[in-house]
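Each chain, written out:
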Amino acid sequence: MKLSVIALDYDGTIASNGRADPDALASIVEAKSRGVVVILVTGRILSDLERVLPERELFDAIVAENGAVLAFPSGRTRALARGPSQALLDELCRLEVACDFGDCIIDASADLAPQILASIRKLELPLTILFNRNRVMVLPQGISKATGLRESLKTLRLSLHNCIGIGDAENDHAMLDACEIGAA
C-alpha cells in the first residue's frame, strides 16, 4: 500500500473543545509537504466548522454533515443528498425540538431522539438516525462519512486503497471500515 491520503475526523481526533490542536495542524502541514492528501471528515455542519476552524485551507477537501456535504479549497461545495423536508422541519419546530439544520443534516441532543424518531415515523420519511456521543444526527438514507469520503476521493481522482482513516466515535465506523487502514 502506498499511503497518499489521510482522512481525519475533527472533534475528538484533531480537535478538542471545538478547536483544532496546534500539534495536529503542524502534522497535517508536514504530511502535505510530503505529498499526502489530507481530507477532513466531520459530522459538523459546514457553517459551524467554518466558524471554529480558520485553517480550512490546509485540507484538500472537507466532508461535512457526516458525509452529506463536500467542500473544496476552490470554494466549490456539493450536497450529496436533499435537505430535510419542510414537513419535518415544521413538525420539529411545532414540537419545540431544539436542533440545528444543515444543508442535509439535522443535529440535536441525543435526549431528543424519541421525539425526532416519532416525527420521522409520523411523516413516513426515508431518513436514518445516527448517534454520536451525546448527539443525534438525522440523515438521508445511504449517507455516511464513507459515502462522502468516497465522493471526495472520486473528485480528486484518488482511491480508498491508499487511504488511512482516523476517527474516534460511533459516526466514524463506516469511514474507518471503508479505508484501507482505519484507526480509532
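Our subject in this report is the structure included herewith. (Residues numbered from 1 in each chain as written. Predicted model: local features only at pLDDT ≥ 70, side-chain atom pairs only at ≥ 80, totals over all residues. Heavy atoms only, no water.)

### A closer look at the packing of helix α3 (residues 86–94) against helix α4 (residues 113–123)
Relative orientation and spacing of two packed helices are given, respectively, by the angle between their axes and the distance between those axes.
Then step 1. Between α3 and α4, the shortest axis-to-axis distance is 10 Å and the interhelical angle comes to 135°. For the element pair α3 / α4, the angle class is oblique. In terms of crossing hand, the pair formed by α3 and α4 is right-handed. Residues A87, L88, E91, L92 and R94 of α3 touch α4, and the partners they reach there are I116, S119, I120, K122 and L123.
Then step 2. Looking at the contact of α3 with α4 residue by residue, the classes come out as 6 nonpolar, 1 polar and 3 charged. (Axes fitted to C-alpha atoms, helices over the stretch in contact; angles between N-to-C directions. Helix = DSSP H or I, 4+ residues; strand = E, 2+ residues; numbered from the N terminus. Parallel < 35°, antiparallel > 145°, perpendicular 65-115°, else oblique. Left-handed = near helix turned anticlockwise from the far one by under 90°. Contact = heavy atoms within 4.5 Å. Nonpolar A, V, L, I, M, F, W, Y, C, P; charged D, E, K, R; others polar.)

### Some thoughts on the pattern of salt bridges
Then step 1. Per the stated rule, a full pass over the model turns up 12 salt bridges.
Then step 2. Between D11 and R44 there is a salt bridge, with the nearest N and O atoms lying 2.7 Å from each other. Taken together, the positions of D11 in the loop between β1 (5–8) and β2 (15–16) and R44 in the loop between β4 (37–41) and α2 (46–52) put the pair 33 residues apart, joining distant regions of the chain.
Then step 3. Residue D11 is classed as partly exposed on the basis of its relative accessible area, which comes to 23%.
Then step 4. K122 is the partner of E91 in a salt bridge, and the nearest nitrogen-oxygen pair spans 3.3 Å. Taken together, the residues E91 in helix α3 and K122 in helix α4 connect sequence positions 31 residues apart.
Then step 5. Assessed through its relative accessible area of 10%, E91 is described here as buried.
Then step 6. Put simply, D11, R44, D48 and R51 are held in one network by salt bridges that share partners. (Salt bridge = Lys/Arg side-chain N within 4 Å of Asp/Glu carboxyl O. Buried < 20%, exposed > 50% of the residue type's maximum accessible area, 1.4 Å probe, protein only.)

### Some details on the pairing of strand β12 (residues 163–166)
Then step 1. The pairing of β1 with β12 spans 4 bridges and is classified as parallel. Residue A7 lies in a different strand from β12, and its bridge partner there is G165.
Then step 2. When β12 meets strand β13 (residues 181–183), the two strands line up parallel, connected through 3 bridges. Residue G165 lies in a different strand from β13, and its bridge partner there is G182.
Then step 3. The parallel pair β12 and β13, bridged by helix α6 (residues 173–178), forms a crossover whose chirality is right-handed. (Pairing = 2+ DSSP bridges. Right-handed = clockwise from strand over helix to strand, strands pointing away.)

### A few points about the layout of surface pockets
Then step 1. Reported here for the largest pocket is a volume of approximately 330 Å³.
Then step 2. In terms of lining, the largest pocket is formed by 16 residues, of which the most central are D11, R44, D107, N132 and R135.
Then step 3. A breakdown of the residues in the lining of the largest pocket according to their chemical character gives 3 nonpolar, 4 polar and 9 charged.
Then step 4. In this model, the second largest pocket occupies a volume close to 170 Å³.
Then step 5. If you trace the second largest pocket, you find 13 residues lining it, with R56, I62, A71, F72 and P73 closest to the centre. (1 Å grid on protein atoms, 1.4 Å probe; cavity = no way out; pocket = protein on both sides within 12 Å on 5 of 7 lines; lining within 4 Å. Points joined across faces, edges and corners; volume = space filled by probe spheres on them.)

### Some thoughts on the nonpolar core
Then step 1. Core analysis: the largest hydrophobic core is formed by 30 residues, its most contacted members being Y10, I14, I28, L40, L49, F59 and I62.
Then step 2. Listed by contribution, the elements that provide at least two residues to this core are β1, α1 (22–33), β4, α2, β5 (61–64), β6 (69–71) and β11 (135–140).
Then step 3. Counting residues per element, this core draws most heavily on α1, which supplies 4 residues.
Then step 4. Judged by nonpolar contacts, the second largest core, of 18 residues, contains A7, V63, L70 and C179. (Core = buried A, V, L, I, M, F, W, Y, C linked by side-chain atoms within 4.5 Å.)

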